[in-house]
Structure formats: structure tokens, C-alpha cells
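# Analysis of the macromolecular model
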Amino acid sequence: MATSMAAALAASLPATTAQTEAPVAPKASIPKTMAHAVDIEAEIPITRVQLDGLVATKIIKHSRESQPSTATGTLLGLDLEGTLEVSNSFPLPSRGGEDEDGGKTSSSRYQASMLRALHEVQGDDNIVGFYQSTSMGAFYRQSLLDTQATHHEKLRHGGIVLVHDVAQTARGNASFRAFQLSPAYLNARKSGKFHAQTLIDNSLTFREILVELPVVIRNSPLANAFLGSIGQSSPSPIAPNYSTLTLPPPTSTARSLESMIEALDAYRSEENNYAYLSRQIKREKERVELHIEKRKAENQQRIAQGLAPLPEEDVSRLFKVPQEPSRMEGMLLLGQIDGYAKDLESLSGLELVKMYAARAGSGV
């Protein structure tokens, strides 16, 4: 019986073998020359902050327009070989009359929508910290520490906070300072209580709350070329400005002195409250000790009489000893006083130089 053509073709094919697995492509590894730069595990600590010139301009503009309120915004960029490069930023809406929880919710929604929009246009959407404006160097605030502590838990290298001083910029000196939370403050924060003993154990003062990082402003090559052409062109396209040589009005120094006096009054009030609470705590503890000694003497007398001793009582229910107050508010006020003093020192020193220059020019 003749076989069919299909059967003949099937007989000529080789026997089927077990299906072999497809070879697995080797995982792409980072070249050794780039391993130090990429830093996937975030092992290289941040040693400096590189701020783009456009970002600095945007922060100055936002801070000036938000006065007298505090301007806050998000910083975007990338860390590379120990340098945190801030390449973009956007402002966050002010809370206005909203409550604290409502303001945080609206800011979070706005930030999420901005990050989505930047991601869609392939822009920088990696958060590296936030910026905040201040005046006369007084930036020590509990809100700043709380926000930075939140970023420290969620961001690589803990993120940074960039502080811009509006008063210094108005005098012709653009002030940008970058900070991170210190290990001493983070250790004290883990306990949840900033008592005197906690501060002593961690050697924590207002100067050790934050660690400052050097800030370098970087401009694009086009901006550098434009700045170079300004000095070479003749006549200069920008007219000379002699406003920096004029003496500032007395209100600037008076405002600095008033702010320092207000901070000193607030610190004195805080110290008085702490002293009052400390005396109250000491008084209640003495009452507790006196009650315990009295109960021990009474039990010894009952035992001597052959009677059963009285059961021990929970002194926490009989006496309410106040908790030890936190010292954080006092430290923050000391930081504000220190900022006001340094700002007043720089302002008065500049005024003295201008006054001597004016006297020398007038021949007096």
C-alpha cells in the first residue's frame, strides 16, 4: 500500500527533542569606571551643592514676590560624585488662610501634579530637597526642621534645605545656604523628647542642629559668554549703578534691632516658663518622696505592732508630676538671635565703611 505524501514527509523529519530553554541574557553591569559616579547605593556622602544660575534667579524672584510671607518650593536635580546638582525648581503655593493639614494636602497634590507634568515632558523630576526664604538670617523654625526630617527619611542622602535671605539680596549680596540635619539632632529626635539630659548626651546645641554645605552657583556656557561680553563691549550695554554706595536708611538698622529685641524677649519668656515648670516638677517630686517615706515609716510601725503592712499605692495616681518641658524652642530662639546678631554685624560694618568713605570723599 502506497504511503501518502504527508506520511512520507513526516517520516523524513528528525525526531522531536525536548524543548530547550532560551538563553538568558546576562545582566548589564555598570562599568568600573562609572561605578564611582553613579553611586546606586548612595554610599558617597554629599560634600557640596551646585546650584544652577536659573534656579537661583527663580528662587530670588519667588522670595521677593512672596514677601512678607515665607516662600517655599521644591528642588530637583541629581547627586553625582558627592556633588548635589540642583538643575530645576518650582514654587509651592502658600497656605494662606487654610489650616495646617489642609495646606499640607494642597501642597502635596500640587507637587505631585507638577512632577507628573515634568515627567511627561522628560524634565528633571527627582526631588533632592526644598528651599525656603528668610529675612535677616533668622531661619531656625520648627516647621523647617520637621520638613527636612521628613525629606531625610524619604530622599537619597537625606535631601537638603536651601535657605535664601531676602534682606541680604536686597543689599546686593545674594545669600544661599544649604543645610542637612546633623547626626546629633537625628539621634535626639529618635527619642521624641528634647529634654536637658537628651541634649547633654548628644552634645546638641543650636549650632549642631544643622550641618552647612558649601554652595556653588553654575551658569550655562551661554550665560558665561554673555557676562564676558559685557566687560569687553564698549560702550557697556548696562549702565553703571552707584546705588550700593548710598547709605541705607536708618530703618534697616532699626528693624534689625527690633527683631533682635523681640527674639530676646521671646527667649526670656521661654526661660521663665521653663524655670517655673522645673520648680513645679521639683515640688511634686518632693511630695512623692515625702509620701513614700511616710508610708514606709507607717508600715514599719505596723510591723512592730504585729499588724500587716499597708499595700503599696500607685503614686502616679495620687500625684500628677508634670513632664519635663522640651528645650527645643529655646534652642531655636537662640539660633534666631544668633542670625539677627550676625546680620546686624554685617549691616553695621558695611554702613561704617560707607560713612568713612563719604567723609573721605567730602574732605571732612
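In this report, we go over the structure that sits alongside the text. Only a predicted model underlies this, so the values are computations on that prediction, with no experimental measurement involved.

Within the largest apolar cluster, 23 residues are counted, with the highest numbers of intra-cluster contacts made by Leu145, Tyr185, Leu204, Ile209, Leu210 and Met328. Those elements that provide at least two residues to this core are α5 (142–154), β5 (160–165), β6 (175–181), α7 (183–191) and α12 (328–362). Counting residues per element, this core draws most heavily on α7, which supplies four residues. Excluding its chain neighbours within four sequence positions, the residues that come into contact with Ile209 are Leu145, Gln180, Leu181, Ser182, Tyr185, Leu204, Met328, Met331 and Leu332. With 16 residues, the next largest nonpolar core counts Ile46, Leu51, Val86 and Leu162 among its residues.

A few words now on the packing of α5 against α7. Where α5 meets α7, the axes come as close as 12 Å, and the angle between the chain directions of the two elements is 90°. By the angle between their axes, α5 is roughly perpendicular relative to α7. Here α5 contributes Gln142, Leu145, Asp146, Ala149 and His152 to the contact with α7, which in turn contributes Tyr185, Leu186 and Arg189. Grouping the amino acids of the contact of α5 with α7 by side-chain chemistry returns four nonpolar, two polar and two charged.

Next up on the list: the packing of aromatic side chains. Taken as a whole and assessed by the stated rule, the structure comprises five aromatic pairs. On the basis of an interplanar angle of 20° and a centroid distance of 5.6 Å, the ring pair of Tyr185 and Phe194 is categorised as stacked. In this pair, the class of Tyr185 matches that of Phe194, namely buried. Here the aromatic cluster, defined as three or more aromatic residues joined through ring pairs, consists of Phe139, Tyr140, Phe179 and Phe206. Positioned above the aromatic ring of Tyr274 is the side chain of Arg327, whose terminal nitrogen or guanidinium carbon lies 4.0 Å from the ring centre.

Further remarks concern the sheet that holds strand β1 (residues 48–52). In any sheet, the strands associate via hydrogen bonds between backbone groups, in a parallel or an antiparallel arrangement. Reading across from one edge, β7-β6-β5-β4-β2-β3-β1-β8 is the order of the eight strands in this open sheet, with mixed pairing throughout. Either end of the sheet is taken by a strand with one partner, and the two such strands are β7 (210–213) and β8 (215–218). Going across the sheet, the axis of each strand differs from the next one's by a mean of 35°, ignoring polarity. As paired strands, β1 and β8 are joined by four bridges and run parallel to one another. Residue pairing for β8: Leu51 is matched across the bridge by Ile217. On the sheet, helix α3 (residues 53–66) packs against β1, β2 (72–80), β3 (83–91), β4 (127–134), β5, β6 and β8 and is oriented at approximately 40° with respect to β3. Of the strands in this sheet, β4, β5, β6 and β7 touch α5, which is tilted by about 175° from β4.

Let's shift gears to unusual backbone geometry. Omega for the bond connecting Gln67 with Pro68 falls within 30 degrees of zero, at 0°, which places this linkage in the cis form. With a phi angle near 60°, Met136 is a residue other than glycine that sits in the positive phi range. For Met136, the location among the structural elements is in the loop between β4 and α5. The class of Met136 is buried, set by a relative accessible area of 8%. Even without being glycine, Ser203 reaches a positive phi, approximately 50°. Take Ser203: it is sitting in the loop between α8 (196–201) and β7.

Each value, and the rule that gives it
- Residues numbered from 1 in each chain as written.
- Predicted model: local features only at pLDDT ≥ 70, side-chain atom pairs only at ≥ 80, totals over all residues.
- Heavy atoms only, no water.
- Core = buried A, V, L, I, M, F, W, Y, C linked by side-chain atoms within 4.5 Å.
- Buried < 20%, exposed > 50% of the residue type's maximum accessible area, 1.4 Å probe, protein only.
- Helix = DSSP H or I, 4+ residues; strand = E, 2+ residues; numbered from the N terminus.
- Contact = heavy atoms within 4.5 Å.
- Axes fitted to C-alpha atoms, helices over the stretch in contact; angles between N-to-C directions.
- Parallel < 35°, antiparallel > 145°, perpendicular 65-115°, else oblique.
- Nonpolar A, V, L, I, M, F, W, Y, C, P; charged D, E, K, R; others polar.
- Phe/Tyr/Trp six-rings, centres within 6.5 Å; stacked < 30°, edge-to-face > 60°.
- Lys NZ or Arg CZ within 6 Å of the ring centre and 35° of its normal.
- Pairing = 2+ DSSP bridges.

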